[in-house]
Structure formats: structure tokens, C-alpha cells
Amino acid sequence: AVREVVERIVLADADAGRSEAVKLLERNGGTIDRKLVKQTVMTSVYGVTPIGAQTQIADRLRERGWSNTQEIFKVASYLGQAVFQSISEVFSSGQAIMGWLRECAKAVCRTDRPVEWTSPLGLPIEQPYRIMRTTRVPTSLHNFNIQLEDGQPDPQTAWQLDSSATSSEQSAGEQDAPDSGQSLFVDRSTCPVDKRAQQTGFPPNLIHSIDASHMMMTALECYKRGITFAGVHDSFWTHASTVREMGWVLRETFIQLHSRPLLQDLAEELRHNMERGTREQTGELLAEAAALRARVRQLQSSGGDKSEVAVLRRRANHAANRAQDMQAVTDAMRAAAAAVTPGLSGTCPEAAAGAGGASGPEVRCAAPGPAAKASSPSHVGPRA
């Protein structure tokens, strides 16, 4: 579907005389084929940027004999924009949900916490993206690869040896190996979250967790039925004699999984986690602000140093402002959760992201009609 929309855009631009469209059609047989746009479409859900899309399409053009670097750059940039425009048109609901998820992640990151959620099977998930720096420290015995927190390292941090460099390995002569780097690291939970990676990674990671849940549900049902099962990501395998039965199993488990209000459950969990986390942070920040202001009053009454008073007052105001920001973030997440409503039968909730933030217009899905219900198998297994 995206290919057809891209082709329509390029044909219209060529009729209007746009040089990039004319060159592309002239050298591509007057059409836009699937291979030219497939990679960009497939990676759009992983947050591919316009520059990344341009690079992908440029590679396809070079494979087809294009050699003029400037021409490749212009045509690839143009076609990348057309692909993004087409994706927004064809997958408008999906793009809206992806935008909503990113806005939710953005709100979570404002509290300096990673995005956390629970998979449909109850597995707790936390995105590990944090800002880390690595430096190499040479010594007379070893070179140490050290991962540092963002900013200056804390001299009080307890460095730990990685398990790859144990005392037994050292006694076996590992310390004499040339340039054998031992890894020293800090607790990653003390490092600041990578806000950009948290936001761009949330939509695809959420989908991965749902796909993994479907695979596990299929595997468990196959085990109950004595069906040999193997799988990698979304590719399921069994013996030829049980392919048909496994096909019914994976469809039935897919219906079971996606009949649940997944987005509504996610929104409620994110809201609950946000309120719990910000409640703790807000209390700490307000207590800090109160203590600093009390110290300011004490210094003012005793004629203390004015510069110290000014510094303490700024710190108190900053803490109070942060507390207010925590409340604003909580309100934003509540609005985002309210934007997700179950379908008329509670089967396919969707969310739409508004232009101004995480809370978007309410979108409802129609309940499945009689034809859709009739097509769902009433039992699992081969039919007679």
C-alpha cells in the first residue's frame, strides 16, 4: 500500500516538473518498485530518521548503477520524504499510537526514570538506555576499561571488577597477556537515563514484548497438545504432520492476546507508576525546599553572608519548581491514560496523539461484525 502511495506522489511531482521525480522515473522504468522503499517502511517503527532513510534509499540506488553522488543525495532525500508522507497517510492510526507512546515515554523521562511496563504475561520490563561514558586507564599490569557516569565520576563510587577478570584467571597468568583489558563498571541505575533512546525505543520494544508473549502463549498451548514447537521471534516451526494444527493454535492465541485492552492496560500502568514515583519525588523536593528556606531565614536573622543566602534561595526555588514540574508530569500522564478508551466490545483500543502532547483525541474501535466473529475458529485444531 505504501508503494502505491509513493508512486502516486512521485508521478504527480514528475508531471509538475520536479527534477528528482523525473530522474527517478526515467531511470527506474517509470515506476516505484517495492524493494526501493521496503527497508525504510520496515524501519520506520524503529524510529528511522530522514537521514537514515536517505542512506537506505541511496544504497538501493547505488545497487542499480547510480554513481553521481550529488544526484543520489538529492533523489534519495526526496524519495525518503515521500515515503514518510505515505506512511503517515496509510498508517495514520499506527502513527498516532506510536506518537502517543513516545509522548508517554517523554513524560516518564521528565522524572529522570526509565520507562517500565509489564508484558501481557506478567514479565516486568525496564528499558536499559542510560548515558554512559567509557575510558581506558593503563597501568603497569593491565589496561582497565572504565564505564563512567555522565559528568565527573564520583570519587566515593565503589568500582567492581567484571566477572571476566576473576582472581583465578589472574593466578593462571591472564595478567601477563598484552593489553588484556579488565572492565570496571558502576551501577547503571545511578547513571542518568538517555531520554532520546528511551522515547524512540519504547514503541518497538513494546511491540517486541507483545510478540514475545504471543510466542510464549503459542508454545505453552502446543506443549499442552503434545505438538513439537520451535520459534525465533515471529517465526514458528513444527513437524509437517502438525503444521495445520499449530496454525490453528497460533491464530487462537493471537485472538486471545489481542482481545485484551492492551493499550488501556498499559496506560493505566504508566499512570500508576508515574503517580507512585512522583509522589515520592515531590515529597522529597518539598522537604528540601522547606529546609533550605528555613536555613535562609536563619541566616537572614543572624546577619549571615548574603551570597550564601542567595545561593540557598536559588536552590530552594529550584526544588520547589521541580516539585511543581512533577505534578505537571503526573497530570499529563493522567490525561494520556484518559485518551485511551476500550472499543465498544473491549477488543481493540486505540489512542491518538494530539499535536500538543501526550493526551490526544479519543478514538474508539468498532466492535467486530458478524463476519469477523464467524471467521474466528470455535475450536483449535484441524477441521474435518
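The structure we're discussing is the one just above.
Computed from a predicted structure; not experimentally measured. (Residues numbered from 1 in each chain as written. Predicted model: local features only at pLDDT ≥ 70, side-chain atom pairs only at ≥ 80, totals over all residues. Heavy atoms only, no water.)

1. Digging into a nonpolar patch on the surface
Consideration 1: A surface patch of nonpolar side chains, about 280 Å² in accessible area, is lined by Leu121, Met216 and Leu220.
Consideration 2: Looking at the element boundaries, Leu220 is found in helix α8 (residues 195-224). (Patch = residues over 30% accessible without salt bridge, like charges linked within 9 Å, V, L, I, M, F, W, Y side chains within 5 Å. Areas by Shrake-Rupley, 256 points an atom, 1.4 Å probe, with all protein chains shown as cover. Salt bridge = Lys/Arg side-chain N within 4 Å of Asp/Glu carboxyl O. Helix = DSSP H or I, 4+ residues; strand = E, 2+ residues; numbered from the N terminus.)

2. Section: the packing of α8 against helix α9 (residues 243-258)
Consideration 1: Interaxial distance between α8 and α9 falls to 9 Å at its minimum, and their mutual angle equals 130°. Here α9 runs oblique to α8, going by the angle between their axes. The interaxial crossing formed by α8 with α9 has right-handed handedness. Facing α8, whose interface residues are Ile210, His214, Met217, Thr218, Glu221 and Cys222, α9 presents Met246, Val249, Leu250, Thr253, Phe254, Gln256, Leu257 and His258. (Axes fitted to C-alpha atoms, helices over the stretch in contact; angles between N-to-C directions. Parallel < 35°, antiparallel > 145°, perpendicular 65-115°, else oblique. Left-handed = near helix turned anticlockwise from the far one by under 90°. Contact = heavy atoms within 4.5 Å.)

3. Points about the pattern of salt bridges
Consideration 1: Inspection of the entire model under this criterion finds 15 salt bridges.
Consideration 2: Its salt-bridge partner being Glu71, residue Lys23 comes within 3.8 Å of it at the nearest N-O pair. Taken together, the residues span a long stretch of sequence, with Lys23 in helix α2 (residues 19-26) and Glu71 in helix α5 (residues 69-90) at a distance of 48 residues.
Consideration 3: By relative accessible area, which is 31% here, Lys23 ends up partly exposed.
Consideration 4: The residue Asp59 makes a salt bridge to Arg62 at a minimum N-O spacing of 3.3 Å. (Buried < 20%, exposed > 50% of the residue type's maximum accessible area, 1.4 Å probe, protein only.)

4. Topic: the side chain of His214
Consideration 1: Relative to the elements of secondary structure, His214 occurs in helix α8.
Consideration 2: Separated by 3.3 Å, the side chains of His214 and Thr253 make a polar contact.
Consideration 3: Sequence-distant contacts of His214, defined by excluding residues within four places in its chain, comprise Phe236, Leu250, Thr253, Phe254 and Leu257. (Polar contact = N/O pair within 3.5 Å; in protein donor to acceptor, adjacent residues only side chain to side chain.)

5. Some details on the packing of aromatic side chains
Consideration 1: Applying the stated criterion across every chain yields a total of two aromatic pairs.
Consideration 2: Residue placement shows Arg27 over the ring face of Trp66; its charged tip is 4.3 Å from the ring centre. (Phe/Tyr/Trp six-rings, centres within 6.5 Å; stacked < 30°, edge-to-face > 60°. Lys NZ or Arg CZ within 6 Å of the ring centre and 35° of its normal.)

6. Things to note about the packing of helix α6 (residues 92-109) against helix α11 (residues 306-338)
Consideration 1: At a minimum axis separation of 9 Å, α6 and α11 run at an interaxial angle of 155°. Taken together, the axes of α6 and α11 lie roughly antiparallel to each other. Crossing angle aside, the handedness with which α6 passes α11 is left-handed. Within the contact between the two elements, α6 uses Trp100, Cys104, Ala107 and Val108 and α11 uses Val329, Met333 and Ala336.
Consideration 2: Across the contact of α6 with α11, the residue classes break down as seven nonpolar, no polar and no charged. (Nonpolar A, V, L, I, M, F, W, Y, C, P; charged D, E, K, R; others polar.)

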